[in-house]
Amino acid sequence: MHLPHLGHSHRKVVPGTAAGTFVIDPETPKPTIQLMAYNPDTYEELEIESLDQIQDYLGRFPVTWVNVNGLSDSESFTTFGNMFNLHPLAMEDVVNVPQRPKVEEFQDQLFIVSQMPTLGHEHLKEQLSLFLGKNYVLTFQERPGDCLDPIRARVRKGGPRLRNAGPDYLTHAILDRILDTYFPYLDEYGEQLSALEERLFRNPTKADLHRLHQLKRSLEPLRYILLSYRDVFISLSRDETPFVTETIHFYLRDCYDHTLQLIDLLANYRETCSSLMDLYLSSVSNKMNEVMKVLTITATIFIPLTFIAGIYGMNFDPGASRFNMPELGWYWGYPFALTLMVIVALVMIFFFRSRGWLGGSVGPDDDDADKEE
Amino acid sequence: MHLPHLGHSHRKVVPGTAAGTFVIDPETPKPTIQLMAYNPDTYEELEIESLDQIQDYLGRFPVTWVNVNGLSDSESFTTFGNMFNLHPLAMEDVVNVPQRPKVEEFQDQLFIVSQMPTLGHEHLKEQLSLFLGKNYVLTFQERPGDCLDPIRARVRKGGPRLRNAGPDYLTHAILDRILDTYFPYLDEYGEQLSALEERLFRNPTKADLHRLHQLKRSLEPLRYILLSYRDVFISLSRDETPFVTETIHFYLRDCYDHTLQLIDLLANYRETCSSLMDLYLSSVSNKMNEVMKVLTITATIFIPLTFIAGIYGMNFDPGASRFNMPELGWYWGYPFALTLMVIVALVMIFFFRSRGWLGGSVGPDDDDADKEE
Amino acid sequence: MHLPHLGHSHRKVVPGTAAGTFVIDPETPKPTIQLMAYNPDTYEELEIESLDQIQDYLGRFPVTWVNVNGLSDSESFTTFGNMFNLHPLAMEDVVNVPQRPKVEEFQDQLFIVSQMPTLGHEHLKEQLSLFLGKNYVLTFQERPGDCLDPIRARVRKGGPRLRNAGPDYLTHAILDRILDTYFPYLDEYGEQLSALEERLFRNPTKADLHRLHQLKRSLEPLRYILLSYRDVFISLSRDETPFVTETIHFYLRDCYDHTLQLIDLLANYRETCSSLMDLYLSSVSNKMNEVMKVLTITATIFIPLTFIAGIYGMNFDPGASRFNMPELGWYWGYPFALTLMVIVALVMIFFFRSRGWLGGSVGPDDDDADKEE
Amino acid sequence: MHLPHLGHSHRKVVPGTAAGTFVIDPETPKPTIQLMAYNPDTYEELEIESLDQIQDYLGRFPVTWVNVNGLSDSESFTTFGNMFNLHPLAMEDVVNVPQRPKVEEFQDQLFIVSQMPTLGHEHLKEQLSLFLGKNYVLTFQERPGDCLDPIRARVRKGGPRLRNAGPDYLTHAILDRILDTYFPYLDEYGEQLSALEERLFRNPTKADLHRLHQLKRSLEPLRYILLSYRDVFISLSRDETPFVTETIHFYLRDCYDHTLQLIDLLANYRETCSSLMDLYLSSVSNKMNEVMKVLTITATIFIPLTFIAGIYGMNFDPGASRFNMPELGWYWGYPFALTLMVIVALVMIFFFRSRGWLGGSVGPDDDDADKEE
Amino acid sequence: MHLPHLGHSHRKVVPGTAAGTFVIDPETPKPTIQLMAYNPDTYEELEIESLDQIQDYLGRFPVTWVNVNGLSDSESFTTFGNMFNLHPLAMEDVVNVPQRPKVEEFQDQLFIVSQMPTLGHEHLKEQLSLFLGKNYVLTFQERPGDCLDPIRARVRKGGPRLRNAGPDYLTHAILDRILDTYFPYLDEYGEQLSALEERLFRNPTKADLHRLHQLKRSLEPLRYILLSYRDVFISLSRDETPFVTETIHFYLRDCYDHTLQLIDLLANYRETCSSLMDLYLSSVSNKMNEVMKVLTITATIFIPLTFIAGIYGMNFDPGASRFNMPELGWYWGYPFALTLMVIVALVMIFFFRSRGWLGGSVGPDDDDADKEE
């Protein structure tokens with residue numbers, strides 16, 4: 001079974017520690033830090049070793065993007081906190097994954113939590129935590145490897161819109177890119193639902209039922225994420241905040257529209273899921289009905305015949321009286337009995353045909369189905 | 001199966017490109033451009049070849065309607081963008097179909113996305129993107145051929161209300177016309193549901209179940225479209241915008257009312273769908289019940305009879321003792337056995353009749369049904 | 001089947017005509033126009049022939065009520081429009097029935113659409129369109145005959161509250177009267193649901209299932225109407241409008257309360273409907289269970305007995321060996337076989353009784369049911 | 001059946017009378033009127049005969065509580081109306097019971113409608129209409145006898161908080177007392193649901209199904225009442241009104257909290273109801289399954305055995321050929337046949353055991369159930 | 001059965017007493033009172049005997065936390081009320097447990113009700129009532145023993161954030177700690193649901209159905225508690241109140257986020273519950289289907305065979321005519337009969353195989369299931 005355990009809420013905080021405390025698992029690999037700084041004319045990109053290098057870029061470029069892969073190194077994490085004056089609560093949310101997508105305004109940054117889906121892994125998501133400051137964007141990911149390479153390519157290629165804009169546009173680009181990865185991710189669900197639908201129409205099996213349950217179940221958490229995204233983009237595109245310039249609002253509203261599209265899609269899938277469950281149940285009922293019909297027809301035809309055979313298998317002594325089974329001695333006795341049986345069988349068959357239960361009427365149904373659909 | 005694949009979210013943007021990027025499939029046929037310009041006294045109408053022609057009409061007429069069929073020609077598309085100062089995000093939405101119906105106010109235009117149903121094609125919809133400027137209406141369609149000919153006819157005939165009004169009234173006329181095509185489109189669903197209902201009342205087949213599932217499933221996306229329309233008309237009829245004059249608000253509120261009517265209709269259809277599913281399931285149960293009854297009655301009557309026949313078919317040797325099946329030698333032995341069987345059968349039949357399971361009580365039910373309904 | 005076709009959305013507008021266009025079916029009978037004008041001291045009432053007569057009363061009385069039965073005469077309809085300066089969109093809504101109940105404020109009137117139920121006709125409703133002006137009330141009905149005679153009687157009798165008040169109080173009186181007719185109308189549904197419930201408790205038939213489906217289905221449109229009424233009365237009792245004086249707000253809030261009562265009633269009926277559907281389904285399941293039990297008990301008791309009889313019906317030759325069915329020659333052979341059968345039967349019966357499947361335990365259930373309820 | 005008819009909306013107004021008209025059934029017993037007036041130091045209490053007596057107390061005491069039992073006497077009712085300047089619409093609501101709980105502010109009073117449950121009578125409720133004036137509380141009940149005696153006792157005992165406060169505190173005390181009676185009333189439902197749950201877990205009968213339906217059905221109206229109460233207390237504790245002093249707002253918010261608690265309780269019961277319906281249905285399915293299993297096992301074991309017995313009951317003439325049933329003449333013929341049967345039976349039993357259908361696997365299930373729960 | 005009775009609303013107030021009256025059960029053990037007072041530099045901690053001791057600490061420390069375990073001692077309770085000027089309504093809520101989580105602002109304190117879950121006891125919750133004053137936090141618990149020891153440890157260890165902050169931060173710490181205990185509490189549900197899911201996929205038993213019902217039922221009250229918490233934190237983090245400083249708002253918003261996470265989790269569990277119910281029902285249907293298939297296949301194969309055997313078991317006298325069962329005397333009679341039976345059986349088996357009912361097609365289904373999942 002590939003279903004994730006329902007029993008983990010993923011709160012790994014040591015209970016009772018002060019809010020804003022972050023507990024880092026010392027076994028995770030050491031984080032790598034990528035820095036990308038650009039202005040309209042040029043850009044620099046490097047993997048940094050010491051956090052002190054960052055300060056230098058902040059002063060020289062209008063936009064510096066620091067991306068941290070992995071959450072383990074407690075010490076450098078504290079350094080980050082001090083360097084950018086990050087609020088302890090935000091830092092706690094960076095480490096204690098997963099959090100719901102949300103946006104929070106602090107004194108020196110806007111703090112945005114988002115979840116990236118991992119294509120091909122139904123239940124795997126990765127949290128990207130983003131701090132948007134006056135002249136920097138700071139992102140923390142759980143693992144190396146992400147869906148943001150196209151953005152890096154645009155920086156390198158010198159796409160004018162991105163290179164001319166501030167860190168708020170970069171933030172939009174990152175969030176938009178993450179949203180975009182949900183489309184193929186949801187399409188995957190759609191493909192599977194379509195395949196399932198096809199199978200349920202034809203010949204539903206128990207495996208299909210389980211698959212349906214799995215799909216339905218894994219859509220649920222996705223829904224809470226997307227609804228949270230909606231709130232994030234509403235608040236980003238409406239609220240007055242010094243970190244987002246007015247012109248970016250159009251772009252954020254566009255993200256909002258995409259989120260609505262995703263939510264519609266998901267709602268559609270959910271409806272389809274419960275509709276398919278109905279379909280499955282009625283298919284099973286139909287199948288049972290068919291099984292019952294075969295049993296009923298066979299049994300109901302042969303039971304009376306067997307009874308007649310039973311009658312003439314009785315051992316009453318014809319010699320004891322002329323009433324005792326004289327048929328056994330008749331000249332046409334056996335043919336008479338066989339004829340009687342045939343007549344009874346025909347009457348039964350006629351009765352079933354009149355009720356439309358015989359195979360003949362099942363076939364046309366299916367034919368109709370094929371023709372009409 | 002006519003169901004559209006669930007697996008396409010129709011986002012064809014190359015992932016990671018800047019928002020506002022439009023990717024045009026080079027294989028679609030070259031777009032044709034119709035221009036219609038009018039004032040209260042006269043009108044001009046032509047199919048234009050070069051976009052430069054447009055500028056000329058804009059200056060001379062209070063209302064110029066430029067309609068572009070097909071989305072392929074990337075070059076002229078950029079020219080449009082520059083000529084009318086269209087926002088890249090809006091242009092992206094024009095090309096990356098389908099989008100949800102929505103309205104967005106930009107600096108120089110109001111941008112409205114709408115979806116036109118294609119009568120007779122349950123799942124086919126076409127996006128019409130509309131830019132409403134100070135003195136022009138610019139529409140983009142996916143394919144040539146639309147439902148707007150009646151409006152063109154009104155322009156030609158010189159209907160005073162349309163010819164005297166500005167581009168906002170033309171916009172209303174276009175949106176109203178599109179909404180109007182939803183009524184026969186939904187009626188088609190209604191017809192099919194009615195037919196299905198009729199069939200389900202009489203003799204539900206598996207094909208009906210599939211049809212029901214299909215209808216239910218294709219109502220869902222329609223609902224999201226109509227709910228989006230509602231938001232569009234709320235915002236158009238309430239918001240202050242320089243592109244829509246006060247007097248048009250009445251007309252837009254009228255569109256809003258029609259949208260509500262459509263939504264009610266759709267909600268009604270959805271309720272009917274799930275009510276029909278219940279009906280189907282209980283019909284199947286009822287049918288199974290009937291099948292079971294026939295089996296039960298036949299089996300229960302004949303099994304004891306066969307048992308009695310079995311008894312007298314045993315080969316105990318009457319000669320060995322006077323207890324060994326003396327009935328076989330009785331003078332009235334065989335008639336006695338037959339009478340015993342008839343009595344058992346009658347008792348059974350009486351029992352079933354008392355439970356109301358015999359055909360006699362099923363008939364009246366159906367009669368009642370016919371009379372009462 | 002009495003269900004109305006689902007396939008008619010009743011929009012008869014010629015598609016693509018300007019909004020505000022009214023299309024009148026020339027075959028409907030010529031409308032009749034009743035005029036009633038009153039002041040605190042006196043009243044006049046007449047059926048008018050020429051619309052010019054109206055103008056005269058408008059000047060002389062504080063309240064003039066013009067009631068038009070039938071919507072056919074296109075010419076006089078236009079005259080009305082001009083005389084009272086009615087907005088084309090409102091006039092369109094008068095003719096293109098049915099519209100949702102709604103209220104719209106125009107420059108010279110308040111325009112209110114309402115739906116009157118027709119007692120005894122589940123699916124028949126009639127639209128009453130009302131224009132409330134400074135000194136007149138103008139009502140349009142689809143057919144002659146309405147539920148407003150009690151109001152006319154109050155005008156004639158000179159009820160002081162009505163005769164002293166303005167056209168807004170008359171409007172309230174008309175709307176209140178229409179709302180009042182919904183109570184017996186809904187009671188009729190209630191009666192039918194109660195009867196159905198009674199029948200479903202006793203002995204549900206297929207006809208009851210169909211009836212239930214019908215009731216459920218015809219409640220749906222009623223709900224949309226009542227929800228629209230609620231919006232109408234919220235807006236009438238809260239909005240500032242020159243056509244409704246402050247003192248009338250109390251009365252309109254009273255109508256609002258009645259609408260809420262109707263909505264509660266309807267919600268209750270809907271809940272009852274789905275609860276009855278559950279009841280029906282479980283009744284059918286129960287019945288099937290009972291049928292199965294009878295079959296199971298009979299078959300399970302007699303099949304082993306028949307098997308035993310079959311054993312002793314075998315023809316092994318006792319002469320061939322002393323192992324070959326020596327029982328057949330025993331002195332107590334037949335009694336032994338019979339006793340064996342009785343014992344097997346008793347064991348079976350004991351087993352069924354221990355499972356509570358025998359008639360004895362079904363009876364008490366029903367008795368309990370009668371006692372407890 | 002104890003279910004109240006669904007067909008009564010209890011609107012007894014003569015249709016078409018002016019709103020605010022009250023129609024009093026002349027057969028109801030003459031109302032009795034209790035008066036209670038108090039100040040911090042003293043109180044007076046009497047049953048009054050003539051309404052003129054009231055005026056006297058109003059002048060002498062800061063709080064006078066007039067309680068009218070029964071709604072019949074039309075004349076004194078009008079006198080009340082004039083004496084306290086009651087609005088005709090409010091007076092209509094007093095008489096035309098039942099109304100939804102609501103609060104309405106008039107010029108000289110606050111008018112509050114509430115519903116008192118009658119303990120032990122599932123469907124019986126009594127309307128208490130309350131007018132709160134500057135120095136009086138006026139209550140109208142349908143019948144003598146209420147749940148307010150504890151409040152009267154507190155007045156008599158001279159509880160300082162009540163005696164020192166104004167009529168608004170008395171109003172709060174009355175409403176709070178009425179709300180309090182809903183707790184045992186709902187507990188009664190809870191007891192019944194618990195008992196039902198217990199029975200459904202053990203051995204569900206048809207009577208339990210009916211009881212469940214009844215409970216579910218009678219919870220519905222209660223819900224509308226409580227939701228109305230919520231609105232009443234929201235509006236009472238928030239709205240600015242001269243009739244309620246600021247300090248009483250705390251107490252009304254407390255009532256609001258209690259209403260929320262009641263609504264939660266009710267929502268919980270409703271959920272439990274539908275969960276129990278599911279339980280019932282699956283119990284019935286389970287039972288059917290068990291019945292089927294017994295039938296299947298018995299039939300499937302004995303049918304092949306009976307077939308074998310049937311084989312050797314055939315009368316082929318062993319004398320005619322050496323192929324004709326030589327077994328009949330074998331020395332070990334009969335033991336061979338019996339052994340064959342035993343083997344077939346064992347194979348069948350093994351098959352069923354491997355599928356887990358035999359009694360042995362049913363027992364453990366139930367045991368597990370008992371242990372685990 | 002471990003389900004709590006539904007019939008207790010836990011309102012133990014003597015009906016009709018003044019609101020704000022507290023009734024204390026004299027049998028509960030005497031409450032113990034713990035006091036903890038701290039400033040940035042030092043802290044004191046003691047179990048106090050006399051309430052007079054408290055006053056002393058209030059003057060000397062910026063934060064004094066008084067924790068009362070047990071609610072019994074009516075006298076000291078009144079002393080508390082007077083000492084801290086607690087509102088009688090709040091004191092009533094402290095004693096009459098359980099109340100919904102809520103927050104209420106009084107003149108001298110903020111009053112917050114919260115519910116602590118008891119790990120390992122599905123239905124056991126304990127109310128913690130908290131008064132937040134200018135320089136103290138006053139908590140009342142039902143029983144000794146709580147989840148707050150980590151906070152006490154932080155006070156003792158001198159955690160700078162807690163020791164430097166005011167009583168509002170302590171309040172946050174307490175509420176945050178309580179919220180944190182819901183995570184493992186909910187995880188426990190998750191574990192159980194996962195286990196149940198596993199079992200339902202494999203071999204659902206009646207015990208699983210009951211367990212599912214129990215889980216579903218006990219999630220319901222939890223939901224109302226969490227929704228109330230959400231309202232509490234919304235109001236705490238937004239409302240202006242002198243008892244909570246601005247900087248604490250961030251922390252309270254963090255609690256709000258955690259509540260949302262809990263609510264999502266719970267909603268997910270509820271969805272899973274109803275999805276599992278569907279799964280159970282369809283599993284039962286599937287099982288029944290399988291049982292039916294075995295019965296049908298066996299019966300349908302053997303019934304015709306037995307009939308054939310019955311035919312040749314008839315006793316028609318071959319000597320009476322040449323038509324009377326000549327087969328019995330044929331040389332190949334018996335082999336012919338057996339061959340006939342084999343042919344009939346093969347035809348039947350072929351028929352079932354063509355329908356996919358034979359074991360062979362059931363096996364692959366399950367295999368597929370295992371492979372695919």
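Analysis parameters
- Each chain has its residues counted from 1, following the order in which its sequence is written.
- Chains carry letters and ligands carry numbers; both start at the beginning, A for chains and 1 for ligands, and go up in the order they are written.
- Per-residue local features of the predicted model are confined to residues with pLDDT of at least 70, and side-chain atom pairs are confined, for both listing and counting, to 80 or more; whole-chain, interface and lining totals are unaffected and use all residues.
- With hydrogens and water set aside, each side-chain value is computed from the structure's full complement of heavy atoms.
- When the copies are overlaid, the least-squares fit takes in C-alpha atoms only where the residue has pLDDT of at least 70 in both copies.
- Residue contacts are counted whenever heavy atoms from the two residues lie within 4.5 Å of one another.
- By convention in these notes, a salt bridge is any Lys or Arg side-chain nitrogen within 4 Å of a carboxyl oxygen on Asp or Glu.
- Identification of polar contacts relies on pairs of N or O atoms within 3.5 Å, with a donor-acceptor requirement for protein atoms, meaning one able to donate a hydrogen and the other able to accept it, and with residues adjacent in sequence counted only if both atoms are side-chain atoms.
- Helix and strand definitions follow DSSP, with helices as H or I runs of at least four residues and strands as E runs of at least two, each counted in order from the N terminus.
- Three classes are used: nonpolar for Ala, Val, Leu, Ile, Met, Phe, Trp, Tyr, Cys and Pro, charged for Asp, Glu, Lys and Arg, and polar for all others, with Gly counted as polar.
- We call a residue buried when its accessible area falls under 20% of the maximum for its residue type, exposed when it is over 50%, and partly exposed in between, using a 1.4 Å probe and counting protein chains only.
- Here a Phe, Tyr or Trp ring, Trp counted by its six-membered ring, pairs with any other such ring whose centre lies within 6.5 Å, and the pair is stacked when the planes are under 30 degrees apart, edge-to-face when over 60, and tilted otherwise.
- A ring is scored as having a charge over it whenever the NZ atom of a lysine or the CZ atom of an arginine sits within 6 Å of its centre and within 35 degrees of its normal.
- Only buried Ala, Val, Leu, Ile, Met, Phe, Trp, Tyr and Cys residues count toward a nonpolar core, and they belong to the same one when joined by side-chain atoms within 4.5 Å.
- Any two strands between which DSSP finds at least two bridges are classified as paired.
- Here an axis means a line fitted to C-alpha atoms, over the contact stretch when the element is a helix, while the angle between two N-to-C directions is reported on a 0 to 180 degree scale.
- To sort the angles, those under 35 degrees are grouped as roughly parallel, those over 145 as roughly antiparallel, those from 65 to 115 as roughly perpendicular, and the leftovers as oblique.
- Handedness of a helix crossing follows the sense of rotation of the near helix relative to the far helix, less than a right angle counterclockwise being left-handed and clockwise being right-handed.

Undergrad: Please explain the relation of the copies chain E and chain A as it appears in this structure.
TA: Mapping between the two copies of the chain is achieved by a rotation about an axis and a shift along the axis. Between chain E and chain A, the superposition needs a rotation of 72° and an axial shift of 0.1 Å, giving an RMSD of 0.2 Å. Taken together, these values place the two copies in the relation of a five-fold axis. Rotation axis and chain E: the residue whose C-alpha lies nearest the axis is G313 of chain E, separated from it by 4.4 Å. The fraction of interface residues of chain E whose copies in chain A are also interface residues is only 12%, indicating that the copies meet through different surfaces.

Undergrad: Where do I start with the relation of the copies chain B and chain C in this structure?
TA: If you rotate chain B by 72° and push it 0.0 Å along the axis, it lands on chain C with an RMSD of 0.1 Å. When the interface residues of chain B are mapped onto chain C, a mere 12% of them are again interface residues, pointing to distinct binding faces.

Undergrad: What's the story with the interface of chain E and chain A in this structure? I'm lost.
TA: Interface size, as often reported, equals the accessible area lost upon joining of the parts. On the chain A side, the residues contacting the 77 residues of chain E number 76 residues. Applying the counting rule to chain E against chain A returns seven salt bridges. Here E290 of chain A makes a salt bridge to R355 of chain E, at a shortest N to O gap of 3.0 Å. In this structure, the connection of chain E to chain A is made through 20 residue pairs in polar contact (both at pLDDT 80 or more). If you tally residues by element for the side of chain E that touches chain A, the top one is helix α8 (residues 248-311) of chain E, at 35 residues. Considered class by class, the residues forming the side of chain E that touches chain A number 33 nonpolar, 19 polar and 25 charged.

Undergrad: Mind showing me how you'd approach helix α3 (residues 88-95) of chain B here?
TA: Side chains of residues three or four places apart in an α-helix project in the same direction, reflecting 3.6 residues per turn. For α3 of chain B, a buried count of seven out of eight residues is recorded, marking the element as mostly surrounded by other parts of the structure. Those residues of α3 of chain B not exposed but buried are L89, A90, M91, E92, D93, V94 and V95 of chain B. Buried positions along α3 of chain B lie against α8 (248-311) of chain A together with α2 (74-84), β4 (102-105), β5 (110-117), β6 (125-132) and β7 (136-141) of chain B.

Undergrad: Help me out: how do you make sense of the packing of aromatic side chains in this one?
TA: How two aromatic rings sit relative to each other is given by the distance of their centres and the angle of their planes. Taken as a whole, this structure holds 110 aromatic pairs over all chains when the rule is applied. Consider the rings of Y331 of chain B and W332 of chain B, whose centres lie 5.5 Å apart with planes at 75°: the pair is edge-to-face. Through pairs of rings, three or more aromatic residues link up here, namely F77, F80, F84, F106, F111, F131, Y136 and F140 of chain A together with F250 of chain E. Its guanidinium or amino end placed over the ring of F243 of chain B, K134 of chain B lies 5.3 Å from that ring's centre, counting from NZ or CZ. The lysine or arginine in question, R60 of chain D, covers the ring of Y57 of chain D, its NZ or CZ lying 5.1 Å from the ring centre.

Undergrad: I'm lost on the nonpolar core in this one. Help?
TA: Note that soluble globular proteins tend to have their nonpolar side chains buried in a common cluster. Ranked by size, the top nonpolar core spans 316 residues in total, and within it I174 of chain A, I174 of chain B, I174 and Y182 of chain C, I174 and Y182 of chain D together with I174 of chain E carry the most contacts. Not counting the four nearest positions on each side in its chain, Y182 of chain D is found in contact with Q115, P117, K125, L222, I225, L226, Y229 and L262 of chain D. L328 of chain B, M341 of chain C, Y334 of chain D together with M348 of chain E belong to the second-largest nonpolar core, a separate cluster that totals 140 residues.

Undergrad: What exactly am I supposed to notice about the sheet that holds strand β1 (residues 32-38) of chain B here?
TA: Sheet strands line up and pair through hydrogen bonds in the backbone, either parallel or antiparallel. All names here are of chain B. The seven strands lie next to each other as β2-β1-β3-β7-β6-β5-β4, forming an open sheet whose pairing is mixed. Bordering the open sheet on either side are β2 (43-48) and β4, each of which pairs with just one other strand. Each strand of the sheet is rotated relative to its neighbour by a mean of 15°, with strand direction disregarded. Running at roughly 25° to β5, helix α6 (residues 167-202) makes contact with β1, β3 (63-69), β5, β6 and β7 of the sheet.

Undergrad: Explain the packing of helix α6 (residues 167-202) of chain A against helix α7 (residues 206-238) of chain A to me, please; I cannot follow it from the model alone.
TA: All names here are of chain A. Where α6 contacts α7, the axes come no closer than 11 Å and their chain directions differ by 155°. Taken together, the axis directions place α6 and α7 in an arrangement best described as roughly antiparallel. Between α6 and α7 lies a crossing of left-handed hand. Contacts between α6 and α7 pair L175, I178, L179, Y182, Y185, L186, Y189, Q192, L193, L196, R199 and L200 from the former with D208, R211, L212, L215, S218, L219, L222, I225, L226, Y229, F233 and L236 from the latter. A breakdown of the residues in the contact of α6 with α7 according to their chemical character gives 19 nonpolar, two polar and three charged.

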